[in-house]
Amino acid sequence: MSGSMSEAEENTGSKQCPLVQVNEYKEKEHIAYTSLRPIQITTLRKTAKVYLYPFSLSNSKLSLFKLSKSLVENNSSKSEVHKETDREKTCRKVLTSKMKALSPKAESLLLKPSLDAYSEGAEQEQKSTSGLVTLGMDMESSDEDSAPGLDDFSELSPYERKRLKNIRENANFFASLQLAESAARLRGMIKKSEPPESKRKRPKKKENEIGCRRSMRLLKVDPLGVSLPASPTQPTLVEEENPLLPPGPLEMIPENQDDSSELFKASLRTWAEMSQTSNEKTRKGLSSIKSYKANLSGMVISEATVRKVTNGAISSVALHPSEVRTLVAVGSKSGQIGLWDLTQQSEDEMYVFYPHSRCVSCLSFSPTNPAHLLSLSYDGTLRCGDFSSAVFEEVYRNERNNPSSFDFLDDAFNLLVGHWDGNLSLVDRRTPGTSYEKFLNSSLEKIRTVHVHPLSRQYFVTAGLRDVHVYDARFLKSRKSQPLISLTEHSKSIASAYFSPVTGNRVVTTCADCKLRVFDSSSMASQLPLLSTIRHNTITGRWLMRFQAVWDPKQEDCFIVGSMDHPRRVEVFHETGKNVHSLWGECLVSVCSLSAMHPTRYILAGGNSSGKLHVFMHQEI
């Protein structure tokens, strides 16, 4: 082993190479082992230690290893290029697989020993044939000669020289292709400039072609083609949208007819002479469900019982309790009050008045004197229309807190008024104009409807924003009056809440969650049990008045409500939730949002949102 090392040193001249021990396995001399760590091979005769280092050249180091073409050609002419033996092929494969896992830094550190080891192995193999072949490497420039570490690569095997030559030629070839410049040119070609906007040429209009038709009314041209003279501009007067009417009594003057006519005066005298139906007769009117349903089946509607009464939407309906004449009163959203006497069956028996400037939300005949018609409006006034004196007297006025609903307390003179801001007022109508008012505060944010118990007059129920409260009038306070009972089963806005008309043992509510609920109010305990829940479409939309389920005064356990179903109808439900009857006909073609039943007779009046009144009457009438 030392002899082979000395011969290698003499052939390389004065260059000092590091000692690399190569122990070969003599039985299989054509196999080379490559490893970063010493590999111990144990045989029967001896143990060999082989130190082999991987070698590779990356593209980044091609500039450091440029071989001189003249030297390579001279050496190739002087020495015949030997063919690769099986051992060289095996070493090249192993070295290539190991070199891929090394970093460029490790390659530079292991470059010199690898070259020496490989050259020494090649010299030992060629001793028997051509001897030792020594190759030199000439640098092309002085800068390359002065580069550090280049002397270590002066002796390379023919395979390595050929490999370096191929790498250099490939690099020069790819550099000559100028791929980077071609890619830049391609990117510039892709980013094309936006084409200029091409203006579409409009086709020329032919002389005899007929143009588009235009409205002569919009062009202000009469049918003969002569232009109309311009109308003189007049200064527009800015008027208040809903001016408040002056305080005090207002004369009962119809807007649609002459107040001095004898027919109107005769109608006023007739209405003043009307008497109220007694309570005994009302009790006699109570019947079973079977007979009640049969009587409802006899109610019909005709063209004679449908009439447009007011200009705006009907917001309240009331029926006069007379058994002789059929008088219907309606309040509109525009502040009108319409009276229609169906007994005469003529258009002259319909009168329209303007006692209010805003929506009439509540309308009712006095229980003690039906010749008095009380109306409540959003304009803050409560008026009483007296047919005997033909005057709308002012009972109550509060322009700061808009009232929403009212009802009679223990007698016909004391009134309970609810406001939109949740407050309550106790009003004595015996002092009109300057009526006594006791201002109270409830626990509700808003009050939509107020209704007093028919027997226990100290109790009343209020429909708020989402809750229904039952109060005791004896325990009301000026601030935060606590309710006696709270009904919190509702999930959305509530439209109304009313006691049953005779005993007050039931409460029916109308909610925007498409449900009608009936509660048991026979015992004023801490909570009213829920008896039934009825699925009913109560989504009327923006342009229709909201539904309000009201009890039939003749029947304690039945109530009526409008419907959105087709054909249009008015539904009658039992307190258990069963549908008793549906009132409909060919003349009913719109939604009756609000309805009212006669206290003793089978007459139903329903108003829609266009001012029309639909009346269902028994055939005997």
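Residues numbered from 1 in each chain as written. Predicted model: local features only at pLDDT ≥ 70, side-chain atom pairs only at ≥ 80, totals over all residues. Heavy atoms only, no water.

The next point concerns the overall build of the protein chain. Helix and strand counts for the protein chain come out as 10 helices and 32 strands. Burial analysis of the protein chain (621 residues in total) assigns 46% to the buried set. In the protein chain, once contacts between residues fewer than 6 apart in sequence are set aside, the share between residues at least 24 apart is 55%. Carbon and sulfur atoms make up 51% of the accessible area of the protein chain, which totals about 35300 Å². (Helix = DSSP H or I, 4+ residues; strand = E, 2+ residues; numbered from the N terminus. Buried < 20%, exposed > 50% of the residue type's maximum accessible area, 1.4 Å probe, protein only. Contact = heavy atoms within 4.5 Å. Areas by Shrake-Rupley, 256 points an atom, 1.4 Å probe, with all protein chains shown as cover.)

This model, assessed by the stated rule, comprises 12 aromatic pairs. The structure contains a cluster of three or more aromatic residues connected by ring pairs, namely F264, W271, Y351, F353, F387 and F392. Over the aromatic face of Y602 sits the side chain of K554, whose NZ or CZ is 4.8 Å from the ring centroid. (Phe/Tyr/Trp six-rings, centres within 6.5 Å; stacked < 30°, edge-to-face > 60°. Lys NZ or Arg CZ within 6 Å of the ring centre and 35° of its normal.)

Moving on, we get to the sheet that holds strand β22 (residues 494-499). Taken in spatial order, the four strands line up as β22-β23-β24-β25 in an open sheet, and their pairing is antiparallel. Unpaired on one side and paired on the other, β22 and β25 (530-535) mark the two borders of the sheet. When strand polarity is set aside, the average angle formed by the axes of neighbouring strands in this sheet is 15 degrees. With five bridges joining them, strand β24 (residues 515-520) and β25 adopt antiparallel strand pairing. When the sheet's bridge partners are listed, K515 is paired in β25 with R535. (Pairing = 2+ DSSP bridges. Axes fitted to C-alpha atoms, helices over the stretch in contact; angles between N-to-C directions.)

Ranked by size, the top nonpolar core spans 30 residues in total, and within it L296, F559 and L604 carry the most contacts. Elements with a contribution of two residues or more to this core: α10 (289-297), β24, β26 (550-551), β27 (558-562), β28 (570-574) and β29 (579-583). Counting residues per element, this core draws most heavily on β27, which supplies four residues. The residues touching L604, leaving out its near neighbours within four places in the chain, are M299, I560, V570, L583, S595, A596, M597, H614, V615 and F616. Grouped together as the second largest cluster of nonpolar side chains are 20 residues, L268, L339, Y351 and V360 included. (Core = buried A, V, L, I, M, F, W, Y, C linked by side-chain atoms within 4.5 Å.)

The next point concerns the pattern of salt bridges. Summed over the entire model, instances satisfying the criterion amount to 10 salt bridges. E399 is the salt-bridge partner of R397, the closest N and O atoms lying 2.9 Å from each other. Judged by its relative accessible area of 24%, R397 falls in the partly exposed class. For D472, the salt bridge goes to R474, with nearest N and O atoms at 2.8 Å. (Salt bridge = Lys/Arg side-chain N within 4 Å of Asp/Glu carboxyl O.)

Here we take up the sheet that holds β26. Read from one edge to the other, the open sheet built from four strands follows the order β26-β27-β28-β29, with strand pairing classed as antiparallel. Of all the strands in the sheet, the pair left with one neighbour each is β26 and β29. Of the strand pairs in this sheet, β26 and β27 are connected by two bridges, and their pairing is antiparallel. Following the sheet pairing, W551 is matched in β27 by F559.

This next bit is on the environment of L245. Checked against the element boundaries, L245 lands in the loop between α7 (179-190) and β3 (250-251). With 109 residues separating them along the chain, L245 and Y354 place their C-alpha atoms 9.5 Å apart. Beyond its immediate stretch of four places on either side in the chain, L245 contacts L250, Y354, P355, H356, S357 and R397.

All right, on to a nonpolar patch on the surface then. Among the surface-exposed residues, F173, F174, L177 and L179 lie close enough to one another that they form a single nonpolar patch of about 410 Å² accessible area. Tallying contributions element by element places helix α6 (residues 158-177) first for the nonpolar patch, with three residues. As for its placement among the helices and strands, L179 is situated in helix α7. (Patch = residues over 30% accessible without salt bridge, like charges linked within 9 Å, V, L, I, M, F, W, Y side chains within 5 Å.)

This part takes up unusual backbone geometry. The omega torsion across H566 and P567 is -10 degrees, close enough to zero to call that bond cis. Looking at the secondary structure, you find P567 in the loop between β27 and β28. Phi at A390 takes a positive value of approximately 55 degrees, unusual for a residue other than glycine. Here A390 is to be found in the loop between β12 (381-386) and β13 (391-397). For A390, a relative accessible area of 21% puts it in the partly exposed group. With phi around 65 degrees, C514 is a residue other than glycine that occupies positive phi space. When you line up the elements, C514 lands in the loop between β23 (506-511) and β24.

Tracing the chain through its elements places W271 in helix α8 (residues 262-272). Sequence-distant contacts of W271, defined by excluding residues within four places in its chain, comprise L327, L339, D341, Y351, A371 and F387.

Moving on: the confidence of the model for the protein chain. On average, residues of the protein chain score 75 in pLDDT, and 64% of them are at 70 or above. Counting interchain partners and residues more than four positions distant, the pLDDT-below-50 stretch residues 1-46 has 65 contacts. Segment residues 233-240: pLDDT under 50, and zero contacts once partners within four positions in sequence are set aside and those in other chains are kept. (pLDDT = per-residue confidence, 0-100.)

Relative to the 28 Å expected for 20 residues at 1.5 Å per residue, α6 spans 29 Å between its end C-alpha atoms, a close match to the ideal helical length. For α6, every residue scored as buried is listed here: E160, R161, L164, I167 and R168. Along the long axis of α6, the arc covered by the buried residues comes to 125 degrees, so they all point the same way. Exposed residues lying more than 90 degrees from the buried face of α6 are K162 and F174. (Expected span 1.5 Å × (residues − 1). Arc of directions from axis to C-beta.)

Moving on: the environment of I603. Here I603 shows up in strand β31 (residues 603-607). For I603, a relative accessible area of 0% gives the class buried. For the pair formed by I603 and L296, sequence separation is 307 residues and the distance between their alpha carbons is 9.2 Å.

Counting buried residues in β23 gives six out of six residues, a clear majority hidden from the surface. Burial along β23 is two-sided: R506, V508 and T510 and V507, T509 and C511, pointing in opposite directions, are all buried. Here five bridges tie β22 to β23, and the two strands are oriented antiparallel to one another. Note on β23: the bridge partner recorded for I494 is C511. In this structure, β23 lies alongside β24, joined through six bridges in antiparallel fashion. In the strand pairing of β24, C511 is matched with K515. Between β23 and β24, which pair antiparallel one after the other, the connecting turn spans three residues, and C514 there sits at a positive phi close to 65 degrees.

When you tally the buried positions in strand β7 (residues 327-332), you get six out of six residues, the bulk of the element. A two-sided burial pattern is seen for β7, the buried positions comprising L327, A329 and G331 on one face and V328, V330 and S332 on the other. Both strand β6 (residues 314-319) and β7 contribute to a ladder of five bridges, which runs antiparallel. When the bridges of β7 are listed, A318 appears paired with A329. Where β7 lies against strand β8 (residues 337-341), five bridges are found, and the strand directions are antiparallel. Bridge pairing in β8 links G331 to I337.

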